[in-house]
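Working through the structure, step by step
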Amino acid sequence: MDLSFSAADEKFRLEVREFFASEYPADILAKVQNGQQLNKADYQRSEAALNDKGWVAVNWPQEYGGTGWTATQKFIFDDELERAGAPNVIPMGLLYVAPVIYTFGSDEQKKRWLPDILASRTFWGQGYSEPESGSDLASLQCKAERDGDDYIVNGTKIWTSQGHYADWFFCLVRTDNSGKKQEGISFLCMDANTPGITVYPIITIDGSHYLNRIEFDNVRVPAENLIGEEGMGWTYSKYLLSNERTSYAHIAGKRADIARLKEIAGTIQSGNRSLMDDPAFANKLAEVEIDLTALEFTALRALSSVAAGDAPGEESSALKILATENAQAITELFLEASGANAVPFFPDRSDADWNDGSGIPAFAAPSTASYFFNRAQTIYGGATEVQKNIISKQVLGLS
Ligand SMILES: Cc1cc2nc3c(=O)[nH]c(=O)nc-3n(C[C@H](O)[C@H](O)[C@H](O)COP(=O)(O)OP(=O)(O)OC[C@H]3O[C@@H](n4cnc5c(N)ncnc54)[C@H](O)[C@@H]3O)c2cc1C
């Protein structure tokens, strides 16, 4: 196993670093640095800057506008993006639905949807989970009944990330109830402006509007919006979920957070020394940094198997758990470093200017909200308990 980068890869890294330093919108980097939430226009500008460079559709095949990069180049790109403090692209269109469209969609569907996703002219929402179907997704009940050239959709989707930004939804819907539950599921795309679709905000414990509940009330959807074959939605959705991102670990972002924590802790007084010299705090910080290094090597091992042509196996479940726990531990340390300044709670972080003379340091203002929001990492992308099931099945030879 070779975990080192080639000279060509290192040259590529410098090119990416230079792009973020000189061509990428500096005001978006500043907003992220100040803990402010980005709005839809920010994401559009961010993705447009990447698209101008030909770097927005990192995983797509070149014929549809992708980069044609190797797995290592993709890893380096994500690493540099996070190191610079730039936001990841909104995944629903570019990372999730587009590969399903170019793999299983018709030529007409590719022409209709891919160019708009590439140019960030349309944002998508992922309609999988339902109030009674999460980990056991195949039990979903949102129904699509054929009526002439249309489907009539009725049901509820929930926890739809940034669904209020979406121009389109891709949904798993039930088209048949007669056989195995997986076999009656289809993959349907819907224009968000279709009559009968209502998006309700869910305000989370951090005070932000990120999640939504979507009600479908007799929504008439043209049958031409069905991807592939009716009843094959489960297969397509598994493909979507297995569209592995070895960069899921977000290592560079975490490294930058730890470096910032050290810097901050060096300036905070704790008794007669700085917080950085407080053994209890320094210990916790060191543990988090050691865990991050272990995570990095796990990610590189997964990358090394991808580069060797193997699918990343249950490493991805281990990665998910390690990355989640590490991210949560970092937010806890930010909270600790913030001390009393973490107490004021700022529910709307969108337009906040933390250097507003309130005396609350920029790093501390969003720390409570960030701590709360990151609890959700244990749930999304496959809950921790479910990942542990996958690992134990593998270890016990039960799969
Ligand atoms: C921030 C956030 C963003 C999300 N974005 C989207 C989105 O854009 N689109 C979308 O469709 N969904 C989205 N989700 C939903 C997410 O996929 C589900 O919350 C997740 O699949 C868990 O389902 P659930 O909430 O119904 O919990 P449940 O499945 O009911 O789980 C409840 C608890 O039981 C445990 N559990 C469940 N099954 C087992 C088992 N077999 N063994 C052991 N323990 C088990 C779980 O680990 C969990 O602790 C998002 C969720 C969050 C928190």
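These lines cover the structure that appears in this document, whether it is placed above or below. This structure is a prediction, so every number in the text was calculated from the model and none was measured.

Moving on to the overall build of the protein chain. For the protein chain, the helix and strand inventory stands at 12 helices and nine strands. Taking 2.2 N^0.38 as the reference for a compact globule, 399 residues should give roughly 21 Å; the C-alpha atoms of the protein chain span a radius of gyration of 22 Å, in line with that estimate. Dimensions of the protein chain, computed from C-alpha atoms along their principal axes, come out at roughly 75 × 50 × 50 Å. At a minimum sequence separation of 6, the contacts of the protein chain that also span at least 24 residues come to 71%. Roughly 18800 Å² of accessible area belongs to the protein chain as shown, and the carbon and sulfur atoms make up 51% of that amount. Distance from the positive charge centre (35 side chains) to the negative charge centre (55 side chains) of the protein chain: 2 Å.

Moving on, we get to unusual backbone geometry. With phi around 50 degrees, Gln162 is a residue other than glycine that occupies positive phi space. Inspection of the secondary structure puts Gln162 in the loop between strand E3 (150–158) and strand E4 (168–174). We classify Gln162 as buried; its relative accessible area is 9%. One non-glycine residue with positive phi stands out, namely Asn218, at about 50 degrees.

Between two packed helices, the angle of one axis relative to the other and the distance separating the axes together describe the packing. Packing of helix H8 (residues 251–267) against helix H10 (residues 315–338) brings their axes to within 11 Å, and their N-to-C directions diverge by 20 degrees. Relative to H10, the element H8 is oriented roughly parallel. For the crossing formed where H8 meets H10, the hand is left-handed. Facing H8, whose interface residues are Lys254, Asp257, Ile258, Arg260, Leu261 and Ile264, H10 presents Ala323, Asn326, Ala327, Ile330, Leu333, Phe334 and Ala337.

For the ligand, the set of nearby residues contains 15 residues, the closest of which are Ser129, Ser135, Trp159, Ser161 and Glu385. Between the ligand and Ser129 there is a distance of 2.7 Å, counted from an oxygen atom to a backbone nitrogen or oxygen. Contacts to the ligand include Trp159, whose backbone N or O atom sits 2.9 Å from a nitrogen atom. For the ligand, whose free accessible area comes to 970 Å², the fraction covered by protein is 66%. Class assignment of the residues belonging to the shell around the ligand gives a composition of seven nonpolar, seven polar and one charged. Among the domains, domain 2 (124–231) and domain 3 (246–395) are the pair contributing at least three residues each to the shell around the ligand.

Within the largest apolar cluster, 52 residues are counted, with the highest numbers of intra-cluster contacts made by Phe20, Trp60, Phe77, Trp124, Phe170 and Phe187. Mapping this core onto the domain boundaries places at least three of its residues in each of domain 1 (7–89) and domain 2 (124–231). Not counting residues up to four positions away in its chain, the partners in contact with Trp60 are Gly66, Thr67, Gly68, Leu94, Ala98, Tyr102, Leu114, Ile117 and Leu118. Within the second largest apolar cluster, 25 residues are counted, among which are Ile258, Leu275, Leu292 and Ala302.

This part covers a nonpolar patch on the surface. Among the surface-exposed residues, Val395, Leu396 and Leu398 lie close enough to one another that they form a single nonpolar patch of about 350 Å² accessible area. Tracing the sequence through the fold places Val395 in helix H12 (residues 384–395).

What follows concerns the pattern of salt bridges. Counted by the stated rule, this structure contains 22 salt bridges. When the shortest N-O distance is used, the salt bridge between Asp167 and Lys40 registers 3.6 Å. With Asp167 in the loop between E3 and E4 and Lys40 in helix H3 (residues 40–52), this residue pair connects regions lying 127 residues apart in the sequence. Residue classification places Lys40 among the partly exposed positions, given a relative accessible area of 21%. The closest approach of N and O atoms between Asp42 and Arg45, which form a salt bridge, is 3.8 Å. Remark: Arg45 and Asp42 occur in helix H3; sequence separation between them is three residues, near one turn of the helix. One network of salt bridges, with partners in common, ties together Glu10, Arg13, Arg17, Asp79, Glu80 and Arg83.

What follows covers the packing of aromatic side chains. Within this structure, the stated rule accounts for 21 aromatic pairs. With 6.3 Å between their ring centres and 25 degrees between their planes, Phe5 and Phe75 make a pair best called stacked. Here Phe75 lies in helix H4 (residues 71–84) and Phe5 lies in the segment before helix H1 (7–22), a separation of 70 residues in the sequence. For Phe75, a relative accessible area of 7% corresponds to the buried category.

To continue, consider the packing of H1 against H4. Packing of H1 against H4 leaves a shortest axis separation of 9 Å and a crossing angle of 35 degrees. Helix-helix and strand crossings are classified by hand; for H1 and H4 the assignment is right-handed. When H1 is examined against H4, the residues Asp9, Phe12, Arg13, Val16, Arg17 and Phe20 are found in contact with a partner set consisting of Thr72, Gln73, Ile76, Phe77, Asp79, Glu80, Leu81, Arg83 and Ala84. In the contact of H1 with H4, the residues fall into seven nonpolar, two polar and six charged.

Calculation rules
Residues numbered from 1 in each chain as written. Predicted model: local features only at pLDDT ≥ 70, side-chain atom pairs only at ≥ 80, totals over all residues. Heavy atoms only, no water. Helix = DSSP H or I, 4+ residues; strand = E, 2+ residues; numbered from the N terminus. Rg over C-alpha atoms; globule rule 2.2 N^0.38 Å. Contact = heavy atoms within 4.5 Å. Areas by Shrake-Rupley, 256 points an atom, 1.4 Å probe, with all protein chains shown as cover. Lys, Arg positive; Asp, Glu negative; His and termini not counted. Charge placed at Lys NZ, Arg CZ, Asp CG, Glu CD. Buried < 20%, exposed > 50% of the residue type's maximum accessible area, 1.4 Å probe, protein only. Axes fitted to C-alpha atoms, helices over the stretch in contact; angles between N-to-C directions. Parallel < 35°, antiparallel > 145°, perpendicular 65-115°, else oblique. Left-handed = near helix turned anticlockwise from the far one by under 90°. Near = heavy atom within 4 Å. Polar contact = N/O pair within 3.5 Å; in protein donor to acceptor, adjacent residues only side chain to side chain. Nonpolar A, V, L, I, M, F, W, Y, C, P; charged D, E, K, R; others polar. Domains from an automatic or database assignment. Core = buried A, V, L, I, M, F, W, Y, C linked by side-chain atoms within 4.5 Å. Patch = residues over 30% accessible without salt bridge, like charges linked within 9 Å, V, L, I, M, F, W, Y side chains within 5 Å. Salt bridge = Lys/Arg side-chain N within 4 Å of Asp/Glu carboxyl O. Phe/Tyr/Trp six-rings, centres within 6.5 Å; stacked < 30°, edge-to-face > 60°.

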